[in-house]
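Descriptive structure summary
Listed here are the chains, written in short residue letters.
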Amino acid sequence: MLELALLLTMVVIARWLTSRTRQPAVLGELLIGVLVGNLGYWLGLPFFQFVMSYGAASPVFDQVWQSGVSVPQAAAQVFTPEQLAPGAKGSRCCNC
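Quantities reported herein were computed from a predicted structural model and do not represent experimental measurements. (Residues numbered from 1 in each chain as written. Predicted model: local features only at pLDDT ≥ 70, side-chain atom pairs only at ≥ 80, totals over all residues. Heavy atoms only, no water.)

The next point concerns the packing of helix H1 (residues 2-20) against helix H2 (residues 25-43). When two helices pack together, their arrangement is given by the angle between the helix axes and the distance between those axes. The contact between H1 and H2 brings their axes to 7 Å, and the two run at 135°. Considering their axes alone, H1 and H2 lie oblique with respect to each other. Handedness of the H1/H2 crossing: right-handed. Seen from H1, the contacting residues are Leu 7, Met 10, Val 11, Ala 14, Arg 15 and Thr 18; seen from H2, they are Ala 25, Leu 27, Gly 28, Glu 29, Ile 32, Leu 35 and Val 36. Split into classes, the residues belonging to the contact of H1 with H2 amount to nine nonpolar, two polar and two charged. (Axes fitted to C-alpha atoms, helices over the stretch in contact; angles between N-to-C directions. Helix = DSSP H or I, 4+ residues; strand = E, 2+ residues; numbered from the N terminus. Parallel < 35°, antiparallel > 145°, perpendicular 65-115°, else oblique. Left-handed = near helix turned anticlockwise from the far one by under 90°. Contact = heavy atoms within 4.5 Å. Nonpolar A, V, L, I, M, F, W, Y, C, P; charged D, E, K, R; others polar.)

So, in structure tokens, the structure goes:
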């Protein structure tokens, strides 16, 4: 909840700053979204990593939905152990 409150506070401040410079308020919201999204990905926060690699993760969630197993069990069914290893390159959406 604290993170959500912080994010909303940042958005309100950005909207205020953009209105003071006679720009649309939505510009402030977009700038905060870009800033927070890139910062979260750069810091390696799990949610942002998930969003950036959703293409690779969607088969896991399809497996969870269809079979009702847990996410770790579905990941073990979809990916090889090498792909699930920390820092593995084959588990990303771009295979880089």
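Our focus in this paragraph is unusual backbone geometry. Backbone geometry at Arg 22 places phi at a positive 60°, although glycine is not the residue there. On the secondary structure map, Arg 22 appears in the loop between H1 and H2.

Bringing the pattern of salt bridges into the picture now. On inspection of all chains with the given rule, the structure shows one salt bridge. Between Glu 29 and Arg 15 there is a salt bridge whose closest N-O contact spans 3.1 Å. With Glu 29 in helix H2 and Arg 15 in helix H1, this pair connects stretches of sequence that are 14 residues apart. (Salt bridge = Lys/Arg side-chain N within 4 Å of Asp/Glu carboxyl O.)

We now examine the packing of helix H4 (residues 54-67) against helix H5 (residues 71-78). Interaxial distance between H4 and H5 falls to 8 Å at its minimum, and their mutual angle equals 120°. When the interaxial angle is binned, H4 and H5 end up oblique. Crossing of H4 against H5: the hand is right-handed. Between H4 and H5, the residues in contact are Pro 59, Val 60, Phe 61, Gln 63 and Val 64 and Val 71, Ala 74, Ala 75, Gln 77 and Val 78, respectively. Looking at the contact of H4 with H5, its residues break down into eight nonpolar, two polar and no charged.

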